Every structure is written in structure tokens, then in C-alpha cells.
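# Commentary on secondary and tertiary structure
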Amino acid sequence: MVGIVVPSQSDIPSDETMMRAALELASSIAGTTSPNPWVGAVLIDRDGEVFEGFTEPPPGRHAEIVVLDAVKNAGKSAEGSTLYVTLEPCSHYGRTPPCVNSIIEAGVKRVVVAIQDPDPKVNGSGIKKLEDVGIEVEVGLLANEVEESLMPYIKHRVAGVPWVTLKLAISADGRIAAPDGSSQWITGEVAREDVHLMRSRSDVIITGAGTVRADDPQLTAREGGDQLARQPLRIVLGKIPQGARVLPALEYDGDVADLLRGLAEEGYMSVLVEGGSVVAHEFHDAGMVDRYVFYMAPVLFGGDDARAMFSGPGVQDMNSLWRGRFVEMTPMGDDIKVSIEPKERAWWH
């Protein structure tokens, strides 16, 4: 789509402003383009006119092609333009031809890239191909922010497993269910709406058969009560009861590490774990969680008989504590969303 028209050379936005616009475009579609990365692109032509684009779901166009097509559709030329893109343009044939070919053919003069693509099929070859034909390429602008936004994609390409988010709704005293097993609803409507957004941006949801028996959840992504067009694959660890609302879903009985590797091989990049305390402990104890998301409600069970967040043995001394870092604390109506990640990612620099 066509953006603003800049009236004079002195008013042309800075590189950072343009890249931040590209990052916002990418963020608006995060998690909706698997197995492709979500990428934003902004182009400013010789007249100062700005065009925007972002990656379409497969088998659609990559962000660079979307923005170049917008230039053509406006009857303009990309000759001598500057292109800002959050991820290195691809240089190989996949579902679509190489984006670098279209950039070169369009006559783009300068390309500003936030980060190099870690995919072994690209990994600097796109940048090199652009530079080999004389296009000026700059890499690294807003790199840290773009990396964080693309972590599920990066982990998938680098480590060969999906990004795993563990979500729990908890009381202020760290409990997830009453002694009778009931847990609906600990949190309020705003928090539950945010969970639906997370589901819509996840490729897969994993839960346990115990949760299915206790709560009979649908685990679909909904907005205003209506199911969204994009739904995650649902996997139940164990036997699915007949007639459960989670259906259609897959059953899995095996090692969860093998499950994650298999999902990655099929192109799934992000997994949301919405199980109970047993499943939560299994993923945590195995060190498979990349982000913990706790929706904490200002309620108290007030005793030790309510169900804890994790069911299973924990560390035995203070020196063995799992320590992470807070990455988000956001009010959600009367509740608070708290997100925690490990201090370090062993699979990433």
C-alpha cells in the first residue's frame, strides 16, 4: 500500500524511522506466516514516496515482493530507491523465486537490512548477491529488536526445534486449580482474550489428556466468541476422550523432545503449551521452555491443598534454582500478565 508523500529532501525520514516502520509491519503479522518468517518492508522512491509491505501467508508473496508490486501498481518506479527490510532478502528458490532477483531487476539502489537470515539456505548469500551487482547494503539497524521479534523463526532455523511458550493462569499464591480440580475461571475476560491472541499466533497447542478430561477445553483461537480463520494444530499428550471439544486434534504418546523435533521438520515454528501442572513440569524440567507466560489474578486459594503450578520434584537447594529474566509485566484488566525467559539461550549467540 502507498504511504505518505514526503514533500522535500530535508523531510525524508531517517533510516531508523523507516526500519521501525518495517518492524511494526512485521510485528502486526507475527506468527501468521509459518513456515516463513514474518517480515516487514518499506521502500522510499526517488520522489520521497513511501510504500509498505509485509509477508503473506504461504504460498503468498514475501514482503519485498509485496512492496515492489505496490510501487508498480501505483505507476511508479523503484529505480534509485532505498528498501528497508527486517530480514535479509532470500536468494534461493522455494515456494517463490529469490527476492534478490526482483530487487535487482527493479533497480533498487540501496538496501538496509536489520539482520542476516540464519537459514542455511540464505545466511548472507542474499546480501552478497546484492553487493555483487553494486547495490549498497547496510546490515544491523535495529538488529536486537528484530531478533527478539523473530526468535521463533530463528530458533527453528538454528536449533531445529520450535519456540516453546508455557502458559498458565495462576492465583496470587501460585495455584492453578482448586482441590476439586476446577480452574475456570481464575483470570478475567481481558486475560482470556489475550490468550486467544497468543493461540492465533501459535502454530501448535499442546495440552495433556488430564486437562482435556478435567476442563474439556476447545483450545481454539476466538475473537468475540467467533473462531478465527487461522487455527493452531492441537495435540493432546495421551488419550483423547470420545466427544471432547478439543477435537479434531492429534494424540501423542511418547517423548516430547521427539515430538518437538518432528513438528519442526514439518515446518511448525511455535508451540504454546496449555497443559496442567503435570505437563508444565514435564516441559520445564526438560528445559524446553523458551518463555513462561503467567496470567496472575488477584485471588487466593489460601492453603496448600490447591493444585500447584508444577506437579513433580523441584530443586532441592537454593543453588539449584532456575533463574530467568522478566521480559513483560502488563496489566490485563484486574489481572497481570508476567512473562519470563531464561537468562541465556544456549542455542543462540
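Small disclaimer: the values here were computed from a predicted structure and weren't measured. (Residues numbered from 1 in each chain as written. Predicted model: local features only at pLDDT ≥ 70, side-chain atom pairs only at ≥ 80, totals over all residues. Heavy atoms only, no water.)

A few words on the pattern of salt bridges. Under the counting rule described, the total for this entry stands at 25 salt bridges. We note a salt bridge from Arg245 to Asp216, for which the minimum N-O separation is 3.8 Å. Residue Arg245 is located in the loop between β12 (233–237) and β13 (250–252), and its partner Asp216 is located in the loop between α8 (209–215) and β10 (222–223); the two are separated by 29 residues in the primary sequence. Through salt bridges with shared partners, a single ionic network connects Glu148, Arg291, Arg325, Glu341 and Arg345. (Salt bridge = Lys/Arg side-chain N within 4 Å of Asp/Glu carboxyl O. Helix = DSSP H or I, 4+ residues; strand = E, 2+ residues; numbered from the N terminus.)

Together, Glu189, Glu193, Glu223 and Asp226 make up a negatively charged patch on the protein surface. If you trace the backbone, Glu223 turns up in strand β10. (Patch = residues over 30% accessible without salt bridge, like charges linked within 9 Å, V, L, I, M, F, W, Y side chains within 5 Å. Areas by Shrake-Rupley, 256 points an atom, 1.4 Å probe, with all protein chains shown as cover. Lys, Arg positive; Asp, Glu negative; His and termini not counted. Charge placed at Lys NZ, Arg CZ, Asp CG, Glu CD.)

Turning to the pairing of strand β5 (residues 110–115), a few remarks are in order. In terms of burial, β5 is largely enclosed, as six of its six residues are buried. Examined bridge by bridge, strand β4 (residues 82–87) and β5 share five bridges and lie parallel to one another. What sits directly across from Leu83, in β5, is Val111. Bridge count between β5 and strand β6 (residues 136–139): four bridges; the pairing is parallel. Bridge assignment links Val111 to a residue of β6, and that residue is Val137. Following the backbone out of β5, through helix α4 (residues 125–132) and into the adjacent parallel β6, one traces a crossover that is right-handed. (Buried < 20%, exposed > 50% of the residue type's maximum accessible area, 1.4 Å probe, protein only. Pairing = 2+ DSSP bridges. Right-handed = clockwise from strand over helix to strand, strands pointing away.)

Two elements in contact, helix α3 (residues 99–106) and α4, have axes whose closest approach is 10 Å; the angle formed by their N-to-C orientations is 20 degrees. Considering the angle they form, α3 stands roughly parallel to α4. Between α3 and α4 the crossing geometry is right-handed. Of the residues in α4, those touching α3 at Val100, Asn101, Ile103 and Ile104 are Gly126, Lys129 and Leu130. Residue composition of the contact of α3 with α4, grouped by class: four nonpolar, two polar and one charged. (Axes fitted to C-alpha atoms, helices over the stretch in contact; angles between N-to-C directions. Parallel < 35°, antiparallel > 145°, perpendicular 65-115°, else oblique. Left-handed = near helix turned anticlockwise from the far one by under 90°. Contact = heavy atoms within 4.5 Å. Nonpolar A, V, L, I, M, F, W, Y, C, P; charged D, E, K, R; others polar.)

Moving on, we come to the layout of surface pockets. In this structure, the largest pocket spans a volume of roughly 1100 Å³. Contributing to the lining of the largest pocket are 45 residues, with Lys167, Gln184, Trp185, Arg199 and Glu274 lying nearest its centre. Top contributing element to the lining of the largest pocket by residue count: helix α7 (residues 189–200), with 10 residues. A per-class count over the lining of the largest pocket returns 18 nonpolar, 15 polar and 12 charged. (1 Å grid on protein atoms, 1.4 Å probe; cavity = no way out; pocket = protein on both sides within 12 Å on 5 of 7 lines; lining within 4 Å. Points joined across faces, edges and corners; volume = space filled by probe spheres on them.)

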